[in-house]
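# Remarks on the overall topology
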Amino acid sequence: MTQHKLKFTVNDYMTAPPDKRFQLLDGEMILVPSPTNRYQTTLRELALQVHQFVSRNGLGQVWFAPLDVVLSGYDVVQPDLLYVSNERSIIITDANIQGAPDLMVEVLSPGTAEYNRGYKRTLYGLSGIPEYWLVDLEASTVEVLTARNQELVTETTYGRGDTLRSALLPGLSVDLEQIFG
């Protein structure tokens, strides 16, 4: 006998209890645990540097979780940090982001690392996200992935003491000593 997997839709997701942090991945509701202090500090420092660069240069908008990004009828994610360029601003609505941002950043934690490196990496590649950063707190690294043929491939991995550069945001210099310090 074949068992059918229940798939939730975007509508189901939008009517979920508001006091929990969920993501919808391939129709499965995933409860995301509350971030740790180190996680929040790292994200704050990274968001600050990216936001200042984007704002100073009038390039678009930067947000951080929780903000829904609707990528399909069965996929709603809340990346830790995201950037939408002025050219792609049509995807911005009052309620959420409807489509692929230019940059998505995920800070890895034990509860999310498998999804971020696996399903979400594949989903983001298929969705047309040009650049994806994976921030590994344990290794003090940022892996920069870029789009190639609907896949996200590793361009460079930066470590503590390095200066992160982005082909997507020419001129951006992120001091990783400040991020991981």
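If you're wondering where the values come from, they're calculated on a predicted model, not measured in any experiment. (Residues numbered from 1 in each chain as written. Predicted model: local features only at pLDDT ≥ 70, side-chain atom pairs only at ≥ 80, totals over all residues. Heavy atoms only, no water.)

Attention shifts here to the pattern of salt bridges. Taken as a whole and judged by the stated rule, the model has 8 salt bridges. Across the pair Asp26 and Lys7 runs a salt bridge whose closest N-O atoms are separated by 2.9 Å. With Asp26 in the loop between strand E1 (22–25) and strand E2 (28–31) and Lys7 in the segment before helix H1 (10–14), this pair connects stretches of sequence that are 19 residues apart. For Asp26, a relative accessible area of 28% gives the class partly exposed. One salt bridge connects Arg44 with Glu45, and the closest N-O pair in it is separated by 3.1 Å. Shared partners join several salt bridges into a network, and the residues in it are Arg117, Asp136 and Glu143. (Salt bridge = Lys/Arg side-chain N within 4 Å of Asp/Glu carboxyl O. Helix = DSSP H or I, 4+ residues; strand = E, 2+ residues; numbered from the N terminus. Buried < 20%, exposed > 50% of the residue type's maximum accessible area, 1.4 Å probe, protein only.)

In this section: the packing of aromatic side chains. As enumerated under the stated definition, the model contains 1 aromatic pair in all. Here the basic side chain of Lys7 rests over the ring of Tyr74, its NZ or CZ set 4.9 Å away from the ring centre. (Phe/Tyr/Trp six-rings, centres within 6.5 Å; stacked < 30°, edge-to-face > 60°. Lys NZ or Arg CZ within 6 Å of the ring centre and 35° of its normal.)

Turning to its location among the elements, Asn116 is positioned in helix H3 (residues 113–117). Leaving out residues up to four positions away in the same chain, Asn116 has contacts with Glu106, Val107, Leu108, Arg121, Tyr132 and Leu134. (Contact = heavy atoms within 4.5 Å.)

Counting 26 residues, the largest nonpolar core has Leu46, Leu81, Trp133, Val135, Val142, Leu164 and Leu176 as its most contacted members. Those elements giving two or more residues to this core turn out to be helix H2 (37–56), strand E6 (81–85), strand E8 (103–107), strand E9 (131–136), strand E10 (141–148) and helix H5 (176–180). The greatest single-element share of this core, amounting to 7 residues, is contributed by H2. Apart from residues no more than four positions distant in its own chain, Trp133 is found in contact with Leu46, Val50, Leu103, Met104, Val105, Glu106, Val142, Glu143, Val144, Leu164, Ser166 and Leu172. Counting residues in each nonpolar core, the second largest holds 20 residues, with Ile30, Leu71, Leu108 and Leu145 among its members. (Core = buried A, V, L, I, M, F, W, Y, C linked by side-chain atoms within 4.5 Å.)

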